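Geometric and topological summary
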Amino acid sequence: MSKRILVVTGGGDCPGLNAVIRGIVKSAKLDGNWEIIGCVESYNGLLKDKIEVMPLTEKEVAGIHVKGGTIIKTTNKGGPFSFPVQLPDGSWVIEDRSQLLLQRLEEMGIEAIISIGGDGSQKISLELAKLGVNIIGVPKTIDNDLSCTDFTFGFQTAVEIATDAVDKLVTTAESHNRVFILEVMGRNAGWIALYTALGGGADVCIIPEIPYDPKIIAEKIATRYKGGEGFCNIVIAEGARDMTGQVTGTAPTAIGDEHIKLGGAGDKLKYELEQLGVQHDIRVTVLGHLQRGGIPIAYDRILATAYGVKAFELVKEKKYGNMVVYNHPEITYVPLKKVVEKPNFVNPKNDSFLCAAKKIGISFGD
């Protein structure tokens with residue numbers, strides 16, 4: 001009888017998810033005696049009253065490495081320890097369904113779980129490992145905020161999309177003598193904004209790790225104009241913080257979703273600059289979920305495929321409780337406990353890329 005591996009994709013969608021799934025399935029097929037099953041919509045496929053899973057064979061994964069999203073769906077709401085349940089009266093409660101998950105894993109004869117996800121997903125992985133579940137993590141997030149790995153897959157594609165946006169905004173900004181503010185994702189990490197500013201040649205880069213002073217940004221804008229002519233391009237992370245440390249966003253409203261909905265940092269900065277007397281026409285572009293969708297670039301396909309192969313190897317070797325990581329030049333692994341101890345943020349004091357950005361004149365508003 002073949003051994004079964006359950007594959008789960010959790011959190012926000014991300015370019016490269018399908019490439020990981022394909023890497024797992026194809027390497028397992030070559031090894032033989034393995035059955036790969038996809039849990040639909042993260043762990044919800046086993047937590048719902050009606051189980052929803054799908055077989056992952058070579059036929060199902062053929063060619064999916066070039067496809068965005070995930071063929072087994074995903075969600076950032078709920079989970080084994082906080083599953084949303086609607087009562088007959090229409091109200092909602094949160095239930096711990098971890099024991100139900102363990103029961104169904106046993107009933108299905110699951111040998112191990114490969115959990116592909118970001119910080120929240122790997123915290124769940126660690127808690128399941130503590131309950132005795134055989135689990136391997138794979139680092140996924142466009143935010144690049146998971147520790148112990150050089151890069152998470154999906155990040156480079158997000159940067160490529162955002163940099164392309166800056167390239168386009170430069171031409172329209174120059175044509176109209178405008179200030180353009182591009183708001184990018186990243187939550188509480190400034191990696192996307194930093195790499196985009198460097199790659200796109202922005203004049204200002206606002207990241208969550210460095211609280212910004214709008215007066216300093218206004219002064220930078222002034223240097224970009226002579227005789228009323230000029231232009232300025234600003235990249236701002238959605239998690240940008242002002243001098244008081246406040247972020248811009250709204251409280252979550254969906255049941256089971258605990259994440260603040262970041263957004264509006266670009267519009268806030270525009271208002272602040274106008275209040276300071278900046279007379280130039282200021283426009284805001286919010287890139288949003290365009291950074292998550294579409295075809296993953298070659299780098300992320302390659303990295304994601306290697307992650308999938310390594311995850312299967314760790315299952316085969318029974319090295320559970322670990323997450324696959326990339327520490328150049330090797331694809332290796334580290335304990336899940338170490339991964340979730342602290343997030344990976346830009347170091348304002350000595351990050352090499354931030355230092356390079358400052359040395360070419362990019363202002364961070366500090």
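Everything below is about the structure shown above.
Our subject in this report is the structure included herewith. (Residues numbered from 1 in each chain as written. Predicted model: local features only at pLDDT ≥ 70, side-chain atom pairs only at ≥ 80, totals over all residues. Heavy atoms only, no water.)

Time to look at unusual backbone geometry. Excluding glycine, residues mostly carry a negative phi; peptide bonds, for their part, are mostly trans. Of the consecutive residues histidine 328 and proline 329, the connecting peptide bond is found in the cis state with omega at 10°. Looking at the secondary structure, you find proline 329 in the loop between strand S16 (322-327) and strand S17 (330-335). Positive phi is not limited to glycine here, since asparagine 33 has a value of about 65°. The residue asparagine 33 is located in the loop between helix H1 (17-31) and strand S2 (34-39) in this model. The class of asparagine 33 is partly exposed, set by a relative accessible area of 48%. Phi at asparagine 177 takes a positive value of approximately 60°, unusual for a residue other than glycine. The residue asparagine 177 is located in the loop between helix H6 (155-176) and strand S8 (179-184) in this model. (Helix = DSSP H or I, 4+ residues; strand = E, 2+ residues; numbered from the N terminus. Buried < 20%, exposed > 50% of the residue type's maximum accessible area, 1.4 Å probe, protein only.)

Turning next to the sheet that holds strand S12 (residues 232-237). If you walk across this open sheet you meet the four strands as S9-S12-S8-S15, and the pairing is parallel. Single-partner strands in this sheet number two, and they are strand S9 (204-206) and strand S15 (282-286). On average, adjacent strands in this sheet sit at an angle of 20° to one another, irrespective of strand direction. Across five bridges, the pairing between S8 and S15 is parallel. (Pairing = 2+ DSSP bridges. Axes fitted to C-alpha atoms, helices over the stretch in contact; angles between N-to-C directions.)

Looking now at the nonpolar core. Among the nonpolar cores identified, the biggest contains 67 residues, and Val7, Ile21, Ile116, Val138, Phe153 and Phe364 are the most heavily contacted of them. The greatest single-element share of this core, amounting to eight residues, is contributed by H6. Not counting chain neighbours up to four residues away, the residues in contact with phenylalanine 364 comprise Leu194, Cys205, Ile206, Ile207, Ile210, Tyr212, Leu354, Ala357 and Lys358. Core analysis: the second largest hydrophobic core is formed by 25 residues, Phe83, Val133, Leu336 and Val340 among them. (Core = buried A, V, L, I, M, F, W, Y, C linked by side-chain atoms within 4.5 Å. Contact = heavy atoms within 4.5 Å.)

Each packed pair of helices is defined by two parameters, the angle between the axes and the distance between the axes. At a closest axis distance of 10 Å, the pairing of helix H8 (residues 214-223) and helix H9 (residues 265-275) adopts a crossing angle of 75°. Relative to H9, the element H8 is oriented roughly perpendicular. Of the residues in H9, those in contact with Pro214, Ile217, Ala218 and Ile221 of H8 are Leu269, Glu272 and Leu273. Of the residues contributing to the contact of H8 with H9, the split by class is six nonpolar, no polar and one charged. (Parallel < 35°, antiparallel > 145°, perpendicular 65-115°, else oblique. Nonpolar A, V, L, I, M, F, W, Y, C, P; charged D, E, K, R; others polar.)

Right, let's talk about the side chain of glutamine 156 for a bit. Here glutamine 156 is to be found in helix H6. When near neighbours in sequence (up to four residues on either side) are disregarded, glutamine 156 contacts Phe151, Ile297, Tyr299 and Asp300.

One open sheet accounts for seven strands, arranged S3-S2-S1-S6-S7-S16-S17; its pairing is mixed. At either end of the open sheet lies a strand with only one pairing partner, and these are strand S3 (53-55) and S17. On average, adjacent strands in this sheet sit at an angle of 30° to one another, irrespective of strand direction. The pairing of strand S7 (residues 135-139) with S16 spans two bridges and is classified as parallel. Residue isoleucine 136 lies in a different strand from S16, and its bridge partner there is asparagine 322.

What follows covers the state of the cysteines. All told, the structure shown has zero disulfides when counted by the stated rule. Of the cysteine sulfurs around cysteine 14, a residue in no disulfide, the closest is that of cysteine 148, at 18 Å. What makes cysteine 14 buried here is its relative accessible area of 1%. Free of any disulfide, cysteine 39 has its nearest neighbouring cysteine sulfur in cysteine 14, separated by 19 Å. (Disulfide = S-S within 2.5 Å.)

Everything listed is a geometric property; what it means functionally is a separate question.
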